[in-house]
Amino acid sequence: MEDVAFLIDERGNIQERAVKGGALYAALSAREDVRRMPSDSLLIPGVTDLHIHAPQWPQAGMALDEPLERWLGVYTFPLESRYDDVFFAEEVYSDLVRTLLENGTTTALYFATIHEESSLALARICLEQGQRGFVGLVAMDNAALCPPTYRHANAQQALDATRRFIAAVRALPGNEGGLAQPVITPRFIPACSDALLEGLGELAAETGVRVQTHASESDWEHRHVLERTGKTDTEALDGFGLLRDATVLAHAGFLNATDRARVRARNAALAHCPISNAFFAGAALPVRTVLDEHTRCGLGTDISGGYSPSIFENARQAVVTSRLLESGVDPDRSPGERGRPDSRITFQEAFWLATRGGAEALGTSAGQLLPGQAFDALEIRNGRRGLRLSPTDDAERCVQKIVCHVTAENIVRVWVNGRMVVDKAYN
Ligand code: GUN
Ligand code: FE
């Protein structure tokens, strides 16, 4: 759309959207507090990172040649155990939240660590920097998988900590509007005892707090759960009361059709992490099918299983991965037996996953620049860093160019809930 005016209310929501030519547009343009955009600017919805490990930011881009189970034990658990140091946490988390905002991530669903104080610091930093932050204190107590230096001593300790964390996030000064939200976060079934998973399910029912976890991520993880419980991940999670409205399952590449029907029945959602899946999953999420059957889905960076903090980069990779799934990759096979037909998604669909898909997964009113939704928006500058929209480009072509070329360098301003949180317009 060209020449649009938005009226934002005091709560940060879009109250009106008016197009040039009408009376409302004229009235809004005449207001003293109007902010005008330069003619080479575009406004697009902010994006949601539906799966990111904040404490893993220092190792983004490292050790991606390791299998998941070794990567966790050798690199990730030792790094995460350092977040008993709140000063270290504050330094990393401040830099990460700033970086995400500059990349257009107006909402993020975070895994933090098992440490209450530094996880609360992450929620506080989201509030201070103005990001819509859903923050999970990680719960993990299984001694068979987690090292003694990095796990809860038992289920009760993890449950008590989670309960305290929920109350602490809700009580943060400046959080009256609920911009920062606690999330119940069993790391994944292999890291948790049955007692812990059951207790967290009860806590979710009692408090109504959202749930996030990893599900059916890799052959190893999927098999581990099958051997321990005799069930698939979604079946086991459902049994523990953890598959609920707005539960987010990260990865989920190995879900079968029955698993996905279960996810839909519960109004839960998938976080598609295409970059991470290339390294750790060893398989692609069939995102075409996921979209066609209306399973809720958004995009996640999975820092540091994925190396990039950009959801736009993951949107590009979601398209690329879907194309490779469709065509196959082995040139020595004949075209007919190389891939999986009808697997591709379009750039518009990737854009939808990044914006409205992620917001819908979390049950938030954001992701589209429509009246009634939060004003979470990015101003991007045409003509910079490869982004070259011309007046003859139709909407479809514009979206494709935007998805392909948006980086932190052509996002010049960012708003969350009506508040400007990044302003690089004159750099
Ligand atoms: N499964 C359990 N923990 C993790 C993690 O930190 N990253 C990923 N990608 N998978 C996991
Ligand atoms: Fe992950």
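Residues numbered from 1 in each chain as written. Chains lettered and ligands numbered in written order. Predicted model: local features only at pLDDT ≥ 70, side-chain atom pairs only at ≥ 80, totals over all residues. Heavy atoms only, no water.

1. As for the coordination of the iron ion (ligand 2)
Distances from the iron ion (ligand 2) to its protein donors, namely His 51 (NE2), His 53 (NE2), His 214 (NE2) and Asp 302 (OD), fall within the range 2.1 to 2.2 Å. Here the iron ion (ligand 2) binds four donor atoms, and the angle range of 85 to 174 degrees at the metal identifies the geometry as irregular. When the donor residues of the iron ion (ligand 2) are listed from N- to C-terminus, their spacing reads H-x1-H-x160-H-x87-D. Residue His 53 is located in strand S4 (residues 47-53), and its partner Asp 302 is located in the loop between strand S11 (296-299) and helix H12 (311-327); the two are separated by 249 residues in the primary sequence. The exposure class assigned to His 53 is buried, which follows from its relative accessible area of 2%. Classification of Asp 302 as buried rests on a relative accessible area of 3%. (Donors = N, O, S within 2.8 Å, 3.2 Å for Na, K, Ca; no water. Tetrahedral: all angles 85-135°; square planar, octahedral: opposite > 155°, others 65-115°. Helix = DSSP H or I, 4+ residues; strand = E, 2+ residues; numbered from the N terminus. Buried < 20%, exposed > 50% of the residue type's maximum accessible area, 1.4 Å probe, protein only.)

2. What to know about the layout of surface pockets
One number sums up the size of the largest pocket: a volume of about 1900 Å³. In terms of lining, the largest pocket is formed by 48 residues, of which the most central are Met 1, Val 4, Phe 6, Leu 42 and Leu 43. Going through the elements one at a time, strand S1 (4-8), helix H1 (23-29), strand S3 (41-45), helix H13 (347-362) and helix H14 (395-405) are the ones with two or more residues in the lining of the largest pocket. What the second largest pocket holds in volume is close to 390 Å³. Arg 11, Arg 132, Gly 177, Leu 179 and Asn 417 are, among the 18 residues lining the second largest pocket, the residues nearest its centre. Residue classes in the lining of the second largest pocket are distributed as four nonpolar, 10 polar and four charged. (1 Å grid on protein atoms, 1.4 Å probe; cavity = no way out; pocket = protein on both sides within 12 Å on 5 of 7 lines; lining within 4 Å. Points joined across faces, edges and corners; volume = space filled by probe spheres on them. Nonpolar A, V, L, I, M, F, W, Y, C, P; charged D, E, K, R; others polar.)

3. Concerning the packing of H13 against H14
The interhelical angle for the contact between H13 and H14, taken along N-to-C directions, is 60 degrees, at an axis separation of 8 Å. As far as their axial angle goes, H14 and H13 are oblique. In the crossing of H13 with H14, the sense of the turn from one axis to the other is left-handed. Here H13 contributes Phe 347, Gln 348 and Phe 351 to the contact with H14, which in turn contributes Glu 396, Val 399, Gln 400, Ile 402, Val 403 and Cys 404. (Axes fitted to C-alpha atoms, helices over the stretch in contact; angles between N-to-C directions. Parallel < 35°, antiparallel > 145°, perpendicular 65-115°, else oblique. Left-handed = near helix turned anticlockwise from the far one by under 90°. Contact = heavy atoms within 4.5 Å.)

4. Describing the nonpolar core
The biggest cluster of nonpolar side chains holds 91 residues, and the ones touching the most others in it are Tyr 93, Tyr 110, Leu 122 and Leu 270. It is helix H3 (residues 86-102) that provides the largest number of residues to this core, a total of eight residues. Leu 64, Trp 71, Phe 111 and Phe 280 belong to the second largest nonpolar core, which has 15 residues in total. (Core = buried A, V, L, I, M, F, W, Y, C linked by side-chain atoms within 4.5 Å.)

5. Structural notes on the UniProt feature "domain: Amidohydrolase-related" (unreviewed entry) in the chain
UniProt tags residues 43-421 as "domain: Amidohydrolase-related" (unreviewed entry). For residues 43-421, the end-to-end C-alpha separation is 15 Å, with 42% helix and 17% strand making up the annotated structure. (UniProt positions renumbered as here; feature names shortened; annotations may be inferred.)

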